[in-house]
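Observations on the three-dimensional arrangement
Spelled out from the first residue to the last, the chains are:
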Amino acid sequence: MKNLALLQRGVAAASRFAVGIAFFALIVVVTLQIATRTFGLPSPVWTEELSRYLLLYMTAFGIGLSLMTGELVNVDLLQETVSEARAWWMRLIAAICTAALGGVMIWPAWKFTTIGAFQRSPSLRWPMDIIHASVLVLSVMLFLFALLRVVGMIAGTDDGRPHLAEEA
């Protein structure tokens, strides 16, 4: 039980760190773009492209955190009207379905990523598999966070309710 909680906290911390790095890089890139345009300098062409890719990775690394905090999708209107036991089962089934969706997405995301090895991004000239890998990261993170919720619910360490960001 302690190992599961430790694993959940570790995965959440790593995910927060990755989101933070991507967000910081996005701030730097957008600031560069704004500063060059403000002072009438030519804006680097690659800044718009890189900002799109950073947004993709922010979403990919943040998807599990959103699931954990209930900010991804959390329709609890029906759960509030039924007994706690039924609500628990509804949350468990939703977590299982979410884990299954993430798991099913991994193989196609892997194939999509490998296709990108044959292409280059327009202005950065990076291999597109680096960019396409954001879909793979998203799939793995969704699967991992949902699976950890399922295991936690079955083990009794998680009730399946969203955790506030301060608690997570």
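Residues numbered from 1 in each chain as written. Predicted model: local features only at pLDDT ≥ 70, side-chain atom pairs only at ≥ 80, totals over all residues. Heavy atoms only, no water.

In this section: the overall build of the protein. Counting its regular elements, the protein contains four helices and zero strands. By principal-axis analysis of the C-alpha atoms, the protein measures approximately 60 × 35 × 30 Å. Within the span of the protein, comprising 168 residues, buried residues form 35% of the whole. Summarising the internal contacts of the protein: among those between residues at least 6 apart in sequence, 72% fall at separations of at least 24. Summed over all atoms, the accessible surface of the protein reaches about 10,200 Å², with 72% contributed by carbon and sulfur. Taken as two groups, the 12 positive and 11 negative side-chain charges of the protein have centres that lie 8 Å from each other. (Helix = DSSP H or I, 4+ residues; strand = E, 2+ residues; numbered from the N terminus. Buried < 20%, exposed > 50% of the residue type's maximum accessible area, 1.4 Å probe, protein only. Contact = heavy atoms within 4.5 Å. Areas by Shrake-Rupley, 256 points an atom, 1.4 Å probe, with all protein chains shown as cover. Lys, Arg positive; Asp, Glu negative; His and termini not counted. Charge placed at Lys NZ, Arg CZ, Asp CG, Glu CD.)

With that out of the way, let us pick up the side chain of Gln 33. Tracing the backbone through its elements, the reader meets Gln 33 in helix H1 (residues 2-38). At a separation of 2.9 Å, a polar atom in the side chain of Gln 33 contacts the side chain of Thr 47. Among all residues touching Gln 33, those that are not within four sequence positions of it are Ser 43, Thr 47 and Glu 48. (Polar contact = N/O pair within 3.5 Å; in protein donor to acceptor, adjacent residues only side chain to side chain.)

It is worth spelling out the UniProt feature "transmembrane region" (unreviewed entry) in the protein at this point. Here the UniProt-annotated "transmembrane region" (unreviewed entry) positions come out as residues 12-34, 54-77, 89-110 and 130-151. Secondary structure across residues 12-34 divides into 100% helix and 0% strand, with the first and last C-alpha atoms of the span separated by 32 Å. Helix makes up 100% of residues 89-110 and strand 0%, whereas the separation of the span's terminal C-alpha atoms amounts to 32 Å. (UniProt positions renumbered as here; feature names shortened; annotations may be inferred.)

Let us look at the packing of helix H2 (residues 46-69) against helix H4 (residues 128-155). Where H2 meets H4, the axes come as close as 8 Å, and the angle between the chain directions of the two elements is 5°. Judged by the inter-axis angle, H2 sits roughly parallel to H4. Facing Tyr 53, Leu 56, Tyr 57, Thr 59, Ala 60, Phe 61, Ile 63, Gly 64, Leu 65, Leu 67 and Met 68 of H2, the residues of H4 in contact are Met 128, Ile 130, Ile 131, Ala 133, Ser 134, Val 137, Leu 138, Met 141, Leu 142, Phe 145, Ala 146 and Arg 149. Counted by class, the contact of H2 with H4 contains 19 nonpolar, three polar and one charged residues. (Axes fitted to C-alpha atoms, helices over the stretch in contact; angles between N-to-C directions. Parallel < 35°, antiparallel > 145°, perpendicular 65-115°, else oblique. Nonpolar A, V, L, I, M, F, W, Y, C, P; charged D, E, K, R; others polar.)

Right, let's talk about the nonpolar core for a bit. Generally speaking, nonpolar side chains in soluble globular proteins are found buried as a group. Formed by 13 residues in total, the largest nonpolar core has its most connected members in Ala 12, Leu 65, Leu 67, Met 68 and Phe 145. Every element with two or more residues in this core is listed here: H1, H2 and H4. If one sorts the elements of this core by residue count, H4 sits on top with five residues. Among residues more than four places away in sequence, those in contact with Phe 145 are Val 11, Ala 12, Ser 15, Gly 64, Leu 65, Leu 67 and Met 68. Ranked by size, the runner-up nonpolar core spans ten residues in total, among them Val 29, Leu 50, Met 58 and Leu 124. (Core = buried A, V, L, I, M, F, W, Y, C linked by side-chain atoms within 4.5 Å.)

By the element assignment, Gly 102 lies in helix H3 (residues 84-115). Given a relative accessible area of 0%, Gly 102 falls into the buried group. Residues contacting Gly 102, with those up to four places away along its chain left out, are Ser 139, Leu 142 and Phe 143.

Right, let's talk about the packing of aromatic side chains for a bit. Scanning the entire structure with this criterion turns up two aromatic pairs. Taken together, a centroid distance of 5.1 Å and an interplanar angle of 90° make the contact between Trp 88 and Trp 89 edge-to-face. (Phe/Tyr/Trp six-rings, centres within 6.5 Å; stacked < 30°, edge-to-face > 60°.)

Inspection of every chain in the model, using the stated rule, returns five salt bridges. Across the salt bridge formed by Glu 48 and Arg 37, the nearest N and O atoms sit 3.0 Å from each other. Of the two residues, Glu 48 sits in helix H2 while Arg 37 sits in helix H1, which places them eleven residues apart along the sequence. Its relative accessible area of 40% is what places Glu 48 among the partly exposed residues. According to the relative accessible area criterion, Arg 37 is partly exposed, its value standing at 48%. Two residues, Asp 159 and Arg 161, come together in a salt bridge whose shortest N-O distance is 3.9 Å. One network of salt bridges, with partners in common, ties together Glu 84, Arg 91, Asp 159 and Arg 161. (Salt bridge = Lys/Arg side-chain N within 4 Å of Asp/Glu carboxyl O.)

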